[in-house]
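Spelled out from the first residue to the last, the chains are:
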Amino acid sequence: MVERLDAEARAALARELPGWSPVEGRDAIARSFRFADFGEAWGFMARVALLAEKQDHHPEWFNVWNRVDITLTTHDAGGLSARDVALAKAIDRLLG
């Protein structure tokens, strides 16, 4: 079973994932991405989908035109886990 992040790992989140923020009222992190247009946003989502599928860990997301909002949490763990951190880092690497 996947374990929730311990206090030490949670304390490191701001340093490890500077673009991601805690979600109020949930044990989750989120980030909003902006692109030039819908095609760029859609292409980003396709790349994230391939990463997520490889990791067998799928984000909650929302897309309107050039914006993609991603929320990560591990439902099996009941909150944030190392799986969320790994996927967030992989998503960040897509952007260089």
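Residues numbered from 1 in each chain as written. Predicted model: local features only at pLDDT ≥ 70, side-chain atom pairs only at ≥ 80, totals over all residues. Heavy atoms only, no water.

The name given to the protein in an unreviewed UniProt entry is Putative pterin-4-alpha-carbinolamine dehydratase, with the source organism recorded as Neoroseomonas alkaliterrae. UniProt's Sequence similarities (unreviewed entry) comment on the protein is quoted here verbatim: "Belongs to the pterin-4-alpha-carbinolamine dehydratase family." UniProt, in its Catalytic activity (unreviewed entry) section for the protein, records the words "(4aS,6R)-4a-hydroxy-L-erythro-5,6,7,8-tetrahydrobiopterin = (6R)-L-erythro-6,7-dihydrobiopterin + H2O". (UniProt positions renumbered as here; feature names shortened; annotations may be inferred.)

## Observations concerning the overall build of the protein
Looking only at helices and strands, one finds four helices and four strands in the protein. N-terminal to C-terminal, the α/β element order of the protein is α-α-β-β-α-β-β-α. Against the globule reference of 12 Å for 96 residues, the protein gives a C-alpha radius of gyration of 13 Å, in line with a compact fold. Reported as C-alpha extents along the three principal axes, the dimensions of the protein are approximately 40 × 25 × 25 Å. Looking at the protein as a whole, 38% of its 96 residues qualify as buried. The contacts in the protein between residues at least 6 apart in sequence include a share of 64% that link residues at least 24 apart. Looking at the protein as shown, the accessible area adds up to about 5800 Å², and 55% of this sits on carbon and sulfur atoms. Between the averaged position of the 12 positive side-chain charges in the protein and that of its 15 negative side-chain charges there is a distance of 4 Å. (Helix = DSSP H or I, 4+ residues; strand = E, 2+ residues; numbered from the N terminus. Rg over C-alpha atoms; globule rule 2.2 N^0.38 Å. Buried < 20%, exposed > 50% of the residue type's maximum accessible area, 1.4 Å probe, protein only. Contact = heavy atoms within 4.5 Å. Areas by Shrake-Rupley, 256 points an atom, 1.4 Å probe, with all protein chains shown as cover. Lys, Arg positive; Asp, Glu negative; His and termini not counted. Charge placed at Lys NZ, Arg CZ, Asp CG, Glu CD.)

## So, the environment of Asp 37
By secondary structure assignment, the location of Asp 37 is in the loop between strand S2 (29-34) and helix H3 (38-55). In contact with Asp 37, not counting residues within four places along its chain, are Trp 65 and Asn 66.

## Some thoughts on the sheet that holds strand S1 (residues 21-22)
Strand order across the open sheet formed by four strands is S1-S2-S4-S3, with antiparallel pairing between neighbours. With one partner strand each, in any of the chains shown, S1 and strand S3 (60-64) form the two edges of the open sheet. Alignment of S2 against strand S4 (residues 67-72), held across six bridges, turns out to be antiparallel. Its bridge partner being in S4, Ala 30 is matched across the sheet by Thr 71. Packed on one face of the sheet, H3 meets S2, S3 and S4 and runs near 165 degrees to S3. Seen against the sheet, helix H4 (residues 82-94) touches S2 and S4 and runs at an angle of roughly 155 degrees to S4. (Pairing = 2+ DSSP bridges. Axes fitted to C-alpha atoms, helices over the stretch in contact; angles between N-to-C directions.)

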